[in-house]
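One-letter residues, chain by chain:
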Amino acid sequence: MKTLAGRLLRGALETAATALRSGQKSSRPSRPSRLRRRSAYPGDFTGSVAVSYTPRINAQPDPGEIVWTWVPYEEDFTQGKDRPVLLVGRDGQWLLGLMLTSKDHDRDAADEARWGRHWTDIGTGSWDPRGRPSEIRLDRVVRVDPQGVRREGAILDSSRFDAVISAARKANHW
């Protein structure tokens, strides 16, 4: 049995590899585009962000908006998860963002700070359909592929945006 299963698997892999090399389409559904982009992620943004607040209701992601997109894990950029991100600027073709969470980090703020992670509360908004209070991570600026944005969640009002940016500047020495 193992031999037959091994031969079947090897045959399937060889067929797929041949189809890829020849440019043929596979009969299997392709991976979602966000999976293909994982290997192309250039890494988190470092340096000072040229912040902008230009939200527009136009189905395009803009700084000042909270969008849902794939965010890579820090430890392994080939893995990650879909989460809300506040867009704060641009870096060439990439948007720059700060990720949100509904987890309360106030209770473990000292431990988080020890690891270099800093958070600020932003309250609730339409980006979270369950209405949970959110926090934004200030010290990690992720690059976001505009084509990888799954949906726009909300426009963050300018006073909360300014408060987040003020806290991010302090945390990152921008």
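This structure is a prediction, so every number in the text was calculated from the model and none was measured.

## Things to note about the nonpolar core
Here comes step 1: In this structure, Leu86, Val88, Ile122 and Ile136 are the most contacted members of the largest nonpolar core, which totals 19 residues.
Here comes step 2: Residue assignment for this core shows that the elements contributing at least two residues are strand S2 (80-91), strand S3 (94-101) and helix H4 (158-172).
Here comes step 3: Ranked by the residues each element gives to this core, the list is headed by H4, at 4 residues.
Here comes step 4: Not counting residues within four places of it along the chain, the set of residues in contact with Leu86 comprises Gly64, Glu65, Ile66, Leu96, Gly97, Leu98, Leu100, Ile136, Leu156, Phe161 and Val164.
Here comes step 5: Judged by nonpolar contacts, the second largest core, of 11 residues, contains Val71, Val85, Val142 and Val144.

## Some thoughts on a nonpolar patch on the surface
Here comes step 1: Side chains of Tyr53, Ile57 and Ile155 sit close together on the surface and give an oily, nonpolar patch of about 320 Å² of accessible area.
Here comes step 2: Here Ile57 is to be found in the loop between helix H2 (33-37) and strand S1 (65-72).
Here comes step 3: Given a relative accessible area of 84%, Ile57 falls into the exposed group.

## Some words on the environment of Ala50
Here comes step 1: By secondary structure assignment, the location of Ala50 is in the loop between H2 and S1.
Here comes step 2: A relative accessible area of 59% means that Ala50 is categorised as exposed.
Here comes step 3: C-alpha of Ala50 to C-alpha of Val88: the two residues are 38 residues apart in sequence and 8.2 Å apart in space.
Here comes step 4: The residues contacting Ala50, other than those within four sequence positions of it, are Val88, Gly89 and Arg90.

## Comments concerning unusual backbone geometry
The bulk of non-glycine residues show a negative phi, and the bulk of peptide bonds are trans.
Here comes step 1: Although it is not a glycine, Ala59 sits at a positive phi angle of roughly 65 degrees.
Here comes step 2: Assignment of secondary structure puts Ala59 in the loop between H2 and S1.
Here comes step 3: Of note in the backbone geometry, His173 takes a positive phi value of approximately 60 degrees without being a glycine.
Here comes step 4: As for its position among the elements, His173 is in the segment after H4.
Here comes step 5: Note on His173: relative accessible area 71%, which makes it exposed.

Criteria and cut-off values
- Residues numbered from 1 in each chain as written.
- Predicted model: local features only at pLDDT ≥ 70, side-chain atom pairs only at ≥ 80, totals over all residues.
- Heavy atoms only, no water.
- Core = buried A, V, L, I, M, F, W, Y, C linked by side-chain atoms within 4.5 Å.
- Buried < 20%, exposed > 50% of the residue type's maximum accessible area, 1.4 Å probe, protein only.
- Helix = DSSP H or I, 4+ residues; strand = E, 2+ residues; numbered from the N terminus.
- Contact = heavy atoms within 4.5 Å.
- Patch = residues over 30% accessible without salt bridge, like charges linked within 9 Å, V, L, I, M, F, W, Y side chains within 5 Å.
- Areas by Shrake-Rupley, 256 points an atom, 1.4 Å probe, with all protein chains shown as cover.
- Salt bridge = Lys/Arg side-chain N within 4 Å of Asp/Glu carboxyl O.

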